Amino acid sequence: MTTPNTPQTSGLSAFARGAQGAAPGIALGAPTRVSDAAPSSAVIDASVASAVASATPTDAYVRRWSMWHDRRIEELTAPHGYLAPVSITWVAEGESARVPRVPGTWVARDDTLVYVPDGAAPSSAHGAIAPSPAVTLNATPIDAPVAFRPSLFGEEALAYLDYGDLRVEVNAQTDLANRTRHRFWIRVKDPQAKARRTFDGIDTYPVDPSWRLPASFRRATGKELDIHDSVVTTVLQSYPVVGSVDFEYDGTPYSLVVCNVFGHVTVFFSDETTGSETYAIGRVLHLDPLHLDDLDSIDFNYAFNYPCAFSRFCTCPIPSKRNHLPFKVTAGEKNPRNAAEY
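Just so it is clear, the model here is predicted, and its values are computed rather than measured.

1. What about the nonpolar core?
Then, in step 1: Within the largest apolar cluster, 26 residues are counted, with the highest numbers of intra-cluster contacts made by Phe 199, Ile 281, Tyr 306, Cys 308 and Phe 310.
Then, in step 2: Looking at this core, the elements that each hand over two or more residues are helix 3 (57-76), strand 13 (235-249) and strand 14 (252-261).
Then, in step 3: The greatest single-element share of this core, amounting to 4 residues, is contributed by helix 3.
Then, in step 4: By size, the runner-up hydrophobic cluster in this structure holds 24 residues, among which are Trp 211, Ile 298, Phe 300 and Ala 331.

2. A few points about unusual backbone geometry
Then, in step 1: Although it is not a glycine, Arg 101 sits at a positive phi angle of roughly 75°.
Then, in step 2: Mapped onto the elements of the fold, Arg 101 is located in the loop between strand 2 (96-99) and strand 3 (102-109).
Then, in step 3: Positive phi is not limited to glycine here, since Asp 110 has a value of about 55°.
Then, in step 4: By the secondary structure assignment, Asp 110 is in the loop between strand 3 and strand 4 (112-116).

3. Some words on the packing of aromatic side chains
Then, in step 1: Under the counting rule described, the total for this entry stands at 15 aromatic pairs.
Then, in step 2: Measuring from ring centre to ring centre gives 5.4 Å for Phe 269 and Phe 300, while their planes differ by 70°; the resulting arrangement is edge-to-face. Taken together, the residues span a long stretch of sequence, with Phe 269 in strand 15 (residues 264-269) and Phe 300 in the loop between strand 17 (297-299) and strand 18 (304-305) at a distance of 31 residues.
Then, in step 3: For Phe 269, a relative accessible area of 0% corresponds to the buried category.
Then, in step 4: Ring pairs connect the aromatic residues Trp 211, Phe 247, Tyr 249, Tyr 254, Phe 269, Phe 300 and Phe 327, which therefore count as one cluster.

4. Focus: the sheet that holds strand 2
Then, in step 1: The 4 strands are arranged 2-3-4-7 in an open sheet whose pairing can be described as antiparallel. What marks the edges here is a single partner per strand, and that holds for strand 2 and strand 7 (146-148). Each neighbouring strand pair of the sheet contributes to a mean axis angle of 25°, computed without reference to strand direction.

5. Some remarks on the pattern of salt bridges
Then, in step 1: All told, the structure shown has 17 salt bridges when counted by the stated rule.
Then, in step 2: Across the pair Asp 118 and Arg 98 runs a salt bridge, and its minimum N-O distance is 2.9 Å. With Asp 118 in the loop between strand 4 and strand 5 (135-137) and Arg 98 in strand 2, the pair connects residues that are 20 residues apart, well separated along the chain.
Then, in step 3: Residue Asp 118 is classed as buried on the basis of its relative accessible area of 9%.
Then, in step 4: A salt bridge links Arg 187 to Glu 169, with the shortest nitrogen-to-oxygen separation between them at 2.7 Å. With a gap of 18 residues between them, Arg 187 in strand 10 (residues 182-189) and Glu 169 in strand 9 (residues 166-175) connect regions that are remote in the sequence.
Then, in step 5: Overall, Arg 187 belongs to the buried group, its relative accessible area being 5%.
Then, in step 6: In this structure Glu 169 comes out as buried when scored by relative accessible area, which is 5%.

Definitions and limits used
- Residues numbered from 1 in each chain as written.
- Predicted model: local features only at pLDDT ≥ 70, side-chain atom pairs only at ≥ 80, totals over all residues.
- Heavy atoms only, no water.
- Core = buried A, V, L, I, M, F, W, Y, C linked by side-chain atoms within 4.5 Å.
- Buried < 20%, exposed > 50% of the residue type's maximum accessible area, 1.4 Å probe, protein only.
- Helix = DSSP H or I, 4+ residues; strand = E, 2+ residues; numbered from the N terminus.
- Phe/Tyr/Trp six-rings, centres within 6.5 Å; stacked < 30°, edge-to-face > 60°.
- Pairing = 2+ DSSP bridges.
- Axes fitted to C-alpha atoms, helices over the stretch in contact; angles between N-to-C directions.
- Salt bridge = Lys/Arg side-chain N within 4 Å of Asp/Glu carboxyl O.

Bear in mind that shape data such as this cannot, by itself, settle questions of function.
Structure follows, in structure tokens:
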């Protein structure tokens, strides 16, 4: 993983820097000899035998979790990850808006969002605005209006545009006041965002294999949407229900609804740590889509924070009451330092 703001070495190689100021009589670049003697085979054999004897399944379990969490941090800190948002602009039916730092105008009409690049609009009395061909869609400059029409109830990602290093994400979400219409948002991500530059990790509970609970999966028998309130109070977020995961904790049976969220098999849940030790609305779990029908456990060590825990320029579904667990899940990620607030 490349950590944001990792100091870079100068153009002078480490070899050359080490050679500067070398004592007279020592050839520049001559390697420092520590020892040519390798450990004896007996010493190696004894070391290997000791390591093998001390290895435990728990060690492997913790290493697997560590590799997963390293990938999680890599994704979060990616140039256009969820530490990069710097603005979000909402456009409702009949409205128009300009997005900070991105040329062009956005217009919502007939449940369709239209991006009008500068220079594509009719000339005014002051003359046409200079075009902005640097805004691209699928790596192609946009030189004429482009329409984005949602087809789903709930939330739908519509497009990614780019403007230099900036990523422009276009999304639609069902309007809470008029469920036949959508509200649109345009989010800008900047690799130089302060949250990304100053990120210093996520606290977690100690990895505890006892939070890997025996479980089974039941597929949904019909088409159902799991409809959620959002941290943005003017919209709804909904996702197709895949089924439910059933398990017991302390002798009591529980069931959590499982949804398809943009191709990820996802559980949104809250518990008795929510709002204190963990993020204000809850946390998220992903399940393996290739092994749902033979799922045999649910592992809360892999619970992670919503994107909106890190940025107020995100929209996140609030877990439904049926996905609240009436006990403390002391596993997975804790509330981020300087968590975002709405």
